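Structural overview for review
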Amino acid sequence: MSLPRSLAANPRLTTWLSFDTSGIVSVRVGKVELGQGIATAMASIAAFELDVAIERVRMVPASTSAGPNEGTTAGSMSVQESGASLRQVCAEARAVLVAAAATKLDADVSVVNGTLTTPGGESVTYWDLDTTTLLDRDADGLAQPKAPERVASPARIDLPDKVFGRPRYVHDLRLPDQLYGRVVRLPTVGAVLTAVDESVVESLPDVRVVRDGSFLGVVAAREEVAVKAALRLAAAAEWERPVPLPDEAALPDWVRTEAAESSTVHEVSGESDGVIAEHRATYSRPYIAHASIAPSCGVAQWTGESVQVWSHSQGVHALRGAIAQALSMPLADVSVQHVEGAGCYGHNPADDAAFDAVLLARAMPGRPVQVVWSRADELGAGPFGPAMVADLTASLDESGRVVSWRHDTFSQGHTARPGYAGTPGLLAGASIEGGAPLVPASDPGLPSGGSLRNSVPIYDFPVQQVVSHRSFAVAPRASAMRSLGAHLNVFAIESFMDELALRAGTDPLVFRLAQLSDPRARAVLERAAELASWGSWTGGDSTGHGIAMARYKGLGAYCAVVAEVSAVDSVRVRRLVIVVDVGRVVSLDGVVNQLEGGAIQATSWTVLEQVRFSPEQVTSTDWETYPILRFSEVPDVAVDVLDHPDQPSLGAGECAQGPTAAAIGNAVRNALGVSVRKLPLTPDNILAALE
């Protein structure tokens, strides 16, 4: 049996498990808790395979010092990859320990909550055995994980601390002799600091100004003093600004004209006879911010030539490598420990905040320095989900079926995480003396894709062509945002399907099913229509309903959404019905939570969110200028999970983004009789579509 990918890369069983505390199983995985509940899901897998109570499982936070290197926690891959690996690790560990106990007791044994007992009643526990020696071996793939059982979802192990406000986040860290730092942010990527009057902070107590090239920051004994000092320095700084940011009013045109590399990435050459009509449409979205409720934070402490970092990064090993590269220091001299922080939805500024702390702490040897970004920094200087444009062209035959399909995607790359394109990729790393400048974001190719994610249609069109037009712009700064290009691509495809159904005079659900042979895709679509009473919808009074579906990345979870909206003064999403097929379910509550959260965030993106900017800088730097969905605006969300315990687990975290956006757009069309193809669906964009 071949090993799961993560386990093949980290085969030593003791890398993942240890029994060094009596009655406790310590589990180490490379994926990190971002608020998505992955720690609970992994603990559940370990408890099930080892036959111990989940209360006996202690999830050890990811660290570069111990545990497997599983890359970045992203792309809805944690349960799919790390979960499969941990399941196999625990199955093999259980088999080894059962065999050792049977030898020791000279009889077969059964396992209950970590105790191995013979038919005669003799017993030992896992912790009575020499587990360190027994598990010091590589996985061989011979042990079979247990057959799945449907059990109640375990309670989230991370929530009690969060609900009761107990210290758990990196923001809560208070180390001995800790100092506080703040950084004066560049007005835009590539700006150069030409002058600053440092005397403006001389009257403040215990303030140290740290300047390295265009990197400018302060360290103080008290946090509020550091904040005040940074504000004074910002007012006293002078900058040379690079090329202006694009004209916000003409953003889709700018995205097109910035395109520098075009290539056909998918093609199906079949028969397209009987064409009677060709239809074209263009869809677009603006830049989107991560907009976490809490801003990013990092802590660092230098000891001699080595530095210890505490961060809520999604990839502690990548961050470690980027820090070492940026400062030209040995990798062994950098350690990164994950500590939970604000939930992120891709590449947010967590890594940048950590490197800010590293630079400031370097000026204060031996003392830890904590850096917390401001709200304005978080919304204005963090990486954005890039603006995108999609041109779609399709031909219909006499029966109303699609006989040819072309999809052109225009976008920057979607990946600028630490270490991308061979560079450190850290914001402050580009500002320090001799630092490597930020370069255009990378863009993973299909099948998973970056800008091209979900650009290949799931439908049975005989002729298909997908063309990529990648931009190499560096500013605005673009990187990974939840679902990457799938958000705009699914919005475009599923909106276009509705428009084609209208052209063919066919119900949108019937139109889709007539050209969809994948049985699991059909199942989620039909179930969503059933639960939403699609066929008996009455509508009226500027209300509408819409349907959409996709298989995430073309190889992940299946998700169908029906949206109900009202569109009077603005779009109000009243109800979302979501049906998903994620294969084998590890935690039903966890899946439902992920779908609910993803759909609500996608609703916010679709009706409200857009980064605003002037030629000089980003201007949407608070909740007034970058509004997100309020609690009073959250729609009713109903989630139904189709049960496929015989299928591999598929990630749930990002599959709802695209279908939710498209279902809302289609509902607006149903309500108003107009196709609004430019996101977000604000009154201004609706009015422009009506005109």
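For the structure given in this document, a descriptive report is provided here. (Residues numbered from 1 in each chain as written. Predicted model: local features only at pLDDT ≥ 70, side-chain atom pairs only at ≥ 80, totals over all residues. Heavy atoms only, no water.)

**As for the pattern of salt bridges**
Tallying each qualifying case throughout the model produces 32 salt bridges. In this structure, Arg477 and Asp352 form a salt bridge, with 2.9 Å as the shortest nitrogen-oxygen distance. Of the two residues, Arg477 sits in the loop between β20 (464–471) and α12 (486–504) while Asp352 sits in helix α10 (residues 350–362), which places them 125 residues apart along the sequence. Asp352 matches Arg477 in its accessibility class, with the two residues each being buried. Ionic pairing is found between Arg406 and Asp408, a salt bridge with its closest N-O pair at 2.6 Å. With relative accessibility at 6%, the residue Asp408 sits in the buried group. It is possible to trace a salt-bridge network through shared partners that takes in Arg156, Asp158, Asp161, Lys162, Arg166, Arg168 and Glu340. (Salt bridge = Lys/Arg side-chain N within 4 Å of Asp/Glu carboxyl O. Helix = DSSP H or I, 4+ residues; strand = E, 2+ residues; numbered from the N terminus. Buried < 20%, exposed > 50% of the residue type's maximum accessible area, 1.4 Å probe, protein only.)

**A word on the environment of Tyr180**
Inspection of the secondary structure puts Tyr180 in strand β7 (residues 179–184). Residues Tyr180 and Val225, spaced 45 residues apart in sequence, show a C-alpha to C-alpha distance of 8.7 Å. When sequence neighbours within four positions are dropped, the list of residues in contact with Tyr180 reads Arg174, Val218, Val219, Ala220, Ala221, Arg222, Glu223, Ala226, Val369 and Gln370. Within polar-contact distance, the side chain of Tyr180 engages the side chain of Arg174 at 3.4 Å. (Contact = heavy atoms within 4.5 Å. Polar contact = N/O pair within 3.5 Å; in protein donor to acceptor, adjacent residues only side chain to side chain.)

**Quick word on helix α7 (residues 223–236)**
Over its 14 residues, α7 runs 20 Å from end to end, which matches the ideal 20 Å to within 8%, given 1.5 Å per residue. Within the sequence span of α7, burial applies to Val225, Ala226, Ala229, Ala230, Leu233 and Ala236. The buried residues of α7 occupy an angular sector of 135 degrees when projected down its axis, which confines them to one face. Facing away from the buried surface of α7 by more than 90 degrees, the exposed residues are Leu231 and Ala235. (Expected span 1.5 Å × (residues − 1). Arc of directions from axis to C-beta.)

**Structural notes on empty space enclosed by the protein**
Regions of empty space are outlined by a rolling probe, equal in size to a water molecule, passed over the atoms. Per the stated rule, a full pass over the model turns up four cavities of 30 Å³ or more. For the largest cavity, the calculated volume is near 70 Å³. Forming the boundary of the largest cavity are Val189, Gln412, Ala416, Tyr420, Leu438, Val439, Pro440, Ala441, Ala473, Val474, Arg477 and Ala478. Partitioning the lining of the largest cavity into residue classes produces 10 nonpolar, one polar and one charged. Its boundaries defined by the atoms lining it, the second largest cavity holds a volume of some 50 Å³. (1 Å grid on protein atoms, 1.4 Å probe; cavity = no way out; pocket = protein on both sides within 12 Å on 5 of 7 lines; lining within 4 Å. Points joined across faces, edges and corners; volume = space filled by probe spheres on them. Nonpolar A, V, L, I, M, F, W, Y, C, P; charged D, E, K, R; others polar.)

**Some thoughts on the packing of aromatic side chains**
Under the definition given, this model contains 10 aromatic pairs. With centroids separated by 5.4 Å and ring planes inclined at 70 degrees, the aromatic side chains of Phe19 and Tyr126 adopt a geometry described as edge-to-face. One end of the pair, Phe19, is in strand β1 (residues 17–21); the other, Tyr126, is in the loop between β6 (123–125) and α5 (131–134), with 107 residues separating them in the sequence. Phe19 gets classed as buried once you look at its relative accessible area, which sits at 6%. Consider the rings of Tyr283 and Phe491, whose centres lie 5.9 Å apart with planes at 90 degrees: the pair is edge-to-face. Of this pair, Tyr283 sits in strand β13 (residues 275–285) while Phe491 is found in helix α12, placing the two residues 208 residues apart along the sequence. (Phe/Tyr/Trp six-rings, centres within 6.5 Å; stacked < 30°, edge-to-face > 60°.)

**A closer look at the side chain of His279**
With respect to the helices, strands and loops of the structure, His279 is situated in strand β13. Within the local environment of His279, its side chain forms a polar contact with the side chain of Arg503, the two groups lying 2.8 Å apart. Setting aside residues no more than four positions away along its own chain, His279 makes contact with Leu392, Thr393, Ala394, Phe496, Glu499, Leu500, Arg503 and Arg677.

**Considering the sheet that holds β1**
Read from one edge of the open sheet, three strands run β1-β2-β3, paired in mixed fashion. Strands with a single pairing partner mark the edges of an open sheet, and in this sheet they are β1 and β3 (57–60). Taking each pair of neighbouring strands and ignoring which way they run, the sheet shows an average axis angle of 35 degrees. Alignment of strand β2 (residues 24–28) against β3, held across four bridges, turns out to be parallel. Along β3, the bridge assignment pairs Val25 with Val57. (Pairing = 2+ DSSP bridges. Axes fitted to C-alpha atoms, helices over the stretch in contact; angles between N-to-C directions.)

**Let's talk about the layout of surface pockets**
Quantified by volume, the second largest pocket comes out at close to 800 Å³. Together, 36 residues line the second largest pocket, and Arg185, Leu186, Pro187, Ala376 and Asp377 are the ones closest to its centre. For the lining of the second largest pocket, the secondary structure elements donating two or more residues are β7, β10 (215–220), α7 and α11 (375–381). By residue class, the composition of the lining of the second largest pocket is 23 nonpolar, eight polar and five charged.

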